[in-house]
Amino acid sequence: MSQPLLALAVKAKDFQTHHVIDNVEFSIDQGQVVSLVGPSGCGKSTLLRIIAGLGSDYQGEVRVKGERPHLHSRDVGFIFQEPRLLPWLTVAENVGFDLGRAGGKHPRVHELLTEVGLADFANAYPKQLSGGMAQRAAIARGLFTQPALLLLDEPFSAVDAFTRMRLQDLLLSITSHHDTTLLMVTHDVNESAYLSDRVVVMASRPGRISGEIEIGLPRPRDRRNLQLTQRAADILNLLNGGQPDSLDFSENPEQSVGCREPLFISRFNFAH
Ligand SMILES: Nc1ncnc2c1ncn2[C@@H]1O[C@H](COP(=O)(O)OP(=O)(O)OP(=O)(O)O)[C@@H](O)[C@H]1O
Ligand SMILES: [Mg+2]
């Protein structure tokens, strides 16, 4: 069997006396989309930082394409909750910044800006963009180095619901075109079910895995599909410390539903 793109086994991660992560193990194969969900403070961002090579002070083994992660690896890209564009650079210069300011002229910048619908804004400055446009620029920047693995930490939580759905579809189409593997942290169980092949659910104090949900539905997906709603309910039950399958929508699994159930599912309280 070929090696997974990401093999993660963090036995322990402590901050001073605070035991933050306990025995978190999972792997991701090339081309998969995996979400990480869990209560605030359970260590999701800490795990992403370890995978990005931003913290090596932990017990365990992490490998991306068989290599230990390091800060300047081109194999791993990172998209944050807020776009983090440099205000004094144009959109194109921000996207190509891995190569310095001149990177804005790289042909791939234009291709990526076209893909995210910002070709006409290459010479604009970040303050001239809406929140959704800025996040699209951040997606283009995250893909500029052609990373095999793209890490996303709550990438759409600062935009409105409609923009969020459009960005989700944009992310899926672009990353499938580039054959990029995704690991995304989100607090939105519907988003995790809609986007992912698998959802890894964490519990806190210390951060650990409480279970995993295989979505197993063909793409493109219908957001109102009843089976998708069932998966989101399974994720929510795991988050709440229960087991999957406790909400049974299976009478007519092909049937789509309106918005009442998904709204209910979104109301999870993520406090400690
Ligand atoms: N640099 C640090 N120094 C000390 N403690 C830290 C540091 N970074 C994170 N922590 C602690 O580690 C725990 C996990 O933090 P982390 O940011 O990974 O959580 P999270 O799951 O991403 O939470 P959220 O959903 O709120 O973003 C928290 O208790 C936090 O206080
Ligand atoms: Mg976080």
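The structure this text deals with has already been given above.
Residues numbered from 1 in each chain as written. Chains lettered and ligands numbered in written order. Predicted model: local features only at pLDDT ≥ 70, side-chain atom pairs only at ≥ 80, totals over all residues. Heavy atoms only, no water.

## Comments concerning unusual backbone geometry
Omega for the peptide link from Arg205 to Pro206 comes to -10°, which places this bond in the cis form. Tracing the backbone through its elements, the reader meets Pro206 in the loop between strand 8 (198-203) and strand 9 (208-214). Residue Arg219 is joined to Pro220 through a cis peptide bond whose omega torsion reads 0°. You can see Pro220 is positioned in the loop between strand 9 and helix 7 (226-239). (Helix = DSSP H or I, 4+ residues; strand = E, 2+ residues; numbered from the N terminus.)

## Observations concerning the pairing of strand 6 (residues 149-153)
Within strand 6, five of the five residues are buried, leaving the element largely enclosed by the surrounding structure. Residues Leu149, Leu151 and Asp153 line one face of strand 6 and the alternating positions Leu150 and Leu152 line the opposite face, and both faces are buried. In this sheet, strand 6 lies alongside strand 5 (residues 76-79) in parallel orientation, the contact comprising four bridges. Each residue of the ladder has a partner; that of Val76, found in strand 6, is Leu149. Of the strand pairs in this sheet, strand 6 and strand 7 (residues 181-185) are connected by five bridges, and their pairing is parallel. Paired with Leu149 across the strands is Thr181, a residue of strand 7. A crossover links strand 6 with its parallel partner strand 7, the connecting element being helix 5 (residues 161-177), and its sense is right-handed. (Buried < 20%, exposed > 50% of the residue type's maximum accessible area, 1.4 Å probe, protein only. Pairing = 2+ DSSP bridges. Right-handed = clockwise from strand over helix to strand, strands pointing away.)

## A word on the sheet that holds strand 9
In a beta sheet, neighbouring strands pair by backbone hydrogen bonds and run either parallel or antiparallel. Reading across from one edge, 5-6-7-3-8-9 is the order of the six strands in this open sheet, with mixed pairing throughout. Pairing within the sheet leaves two strands with one partner each, and these edge strands are strand 5 and strand 9. Averaged over all neighbouring strand pairs, the angle between strand axes comes to 20°, with direction disregarded. As judged from the four bridges shared by strand 3 (residues 33-37) and strand 7, these two strands associate in the parallel manner. Bridge pairing in strand 7 links Leu36 to Val185. Helix-sheet contacts for helix 1 (residues 44-51) involve strand 3, strand 5, strand 6, strand 7 and strand 8, and the interaxial angle to strand 6 is about 150°. (Axes fitted to C-alpha atoms, helices over the stretch in contact; angles between N-to-C directions. Contact = heavy atoms within 4.5 Å.)

## Side note on the layout of surface pockets
Space inside the largest pocket adds up to approximately 690 Å³. Lining the largest pocket are 20 residues, with Val76, Gly77, Phe78, Phe80 and Asp98 sitting closest to its centre. If you list the elements that add at least two residues to the lining of the largest pocket, you get strand 5, helix 2 (91-95) and helix 4 (131-144). Here the lining of the largest pocket takes three residues from strand 5, the largest share from any one element. Considering only residue class, the lining of the largest pocket consists of nine nonpolar, seven polar and four charged. (1 Å grid on protein atoms, 1.4 Å probe; cavity = no way out; pocket = protein on both sides within 12 Å on 5 of 7 lines; lining within 4 Å. Points joined across faces, edges and corners; volume = space filled by probe spheres on them. Nonpolar A, V, L, I, M, F, W, Y, C, P; charged D, E, K, R; others polar.)

## Observations concerning the site of ligand 1
Of all residues adjacent to ligand 1, which total 13 residues, the nearest are Ser40, Gly41, Lys44, Ser45 and Thr46. At 2.8 Å from an oxygen atom of ligand 1 is found a side-chain nitrogen or oxygen belonging to Lys44. Bound to the protein, ligand 1 loses 62% of the 640 Å² it would expose on its own. Those elements giving two or more residues to the shell around ligand 1 turn out to be strand 2 (18-28) and helix 1. For the shell around ligand 1, the element with the highest residue contribution is helix 1, accounting for three residues. Its residues assigned to classes, the shell around ligand 1 comprises four nonpolar, seven polar and two charged. (Near = heavy atom within 4 Å. Polar contact = N/O pair within 3.5 Å; in protein donor to acceptor, adjacent residues only side chain to side chain. Areas by Shrake-Rupley, 256 points an atom, 1.4 Å probe, with all protein chains shown as cover.)

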